[in-house]
Amino acid sequence: MSTNRLPDHEQRILDEIERALNRDRRLARRLSATRRRRRPDPARVAAYAPRTWTVVMLLAVAVALLAAGAATGEPGVIWAFAAVWPMALFAALRLWCGRSRSA
């Protein structure tokens, strides 16, 4: 790797680009927001609006896991159902609430 400096005209262009990026407030906000956000944002979770097919698929998987868990009694299947059911229920309620507000 070379440690030589850039030619003067290229250095001026680079400095100009850096100044323009530093003046861009929207970019600075987005970059600082991505650095700060480590935990799930509750506002984002509350604003979640699932698609119909997502809810249908989650509910279908939950019902299939419930039936398989009841038939086999396997702990892994029961735990899988326990993990999927709250997500399916939350998505269904969000879809239902969203539809009732827009109607």
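Just so you know, these numbers come straight off a predicted model, no measurement behind them. (Residues numbered from 1 in each chain as written. Predicted model: local features only at pLDDT ≥ 70, side-chain atom pairs only at ≥ 80, totals over all residues. Heavy atoms only, no water.)

**Q** An account of a positive patch on the surface is needed here, citing residue identities and associated values.
**A** Taken together, R25, R26, R29 and R30 make up a surface patch of like positive charges. If you trace the backbone, R25 turns up in helix α2 (residues 25-36). For R25, a relative accessible area of 70% corresponds to the exposed category. (Patch = residues over 30% accessible without salt bridge, like charges linked within 9 Å, V, L, I, M, F, W, Y side chains within 5 Å. Areas by Shrake-Rupley, 256 points an atom, 1.4 Å probe, with all protein chains shown as cover. Salt bridge = Lys/Arg side-chain N within 4 Å of Asp/Glu carboxyl O. Lys, Arg positive; Asp, Glu negative; His and termini not counted. Charge placed at Lys NZ, Arg CZ, Asp CG, Glu CD. Helix = DSSP H or I, 4+ residues; strand = E, 2+ residues; numbered from the N terminus. Buried < 20%, exposed > 50% of the residue type's maximum accessible area, 1.4 Å probe, protein only.)

**Q** Got a sec to walk through the packing of aromatic side chains? Specific residues and values, please.
**A** The tally for this structure, following the rule as stated, stands at one aromatic pair. With a centroid separation of 5.9 Å and 20° between ring planes, the pair formed by F81 and W85 is classed as stacked. Placement of the pair is F81 and W85 together in helix α5 (residues 75-102), with a separation of four residues, close to one helical turn. (Phe/Tyr/Trp six-rings, centres within 6.5 Å; stacked < 30°, edge-to-face > 60°.)

**Q** Could you give me a rundown of helix α4 (residues 52-72), with the residues and numbers involved?
**A** Helical periodicity: at 3.6 residues per turn, an α-helix aligns residues three or four positions apart in one direction. Taking 1.5 Å of rise per residue, 21 residues should cover 30 Å, and α4 covers 30 Å from first to last C-alpha, within 8% of that figure. Taken together, the buried positions of α4 are V55, A62, L65 and G69. Projection of α4 onto a plane perpendicular to its axis shows the buried side chains occupying an angular sector of 100°, all on one side. Those residues of α4 that are exposed and aimed more than 90 degrees away from the buried face are W53, V63 and A71. Looking at the residues trailing α4, positive phi occurs at G73, about 75°. (Expected span 1.5 Å × (residues − 1). Arc of directions from axis to C-beta.)

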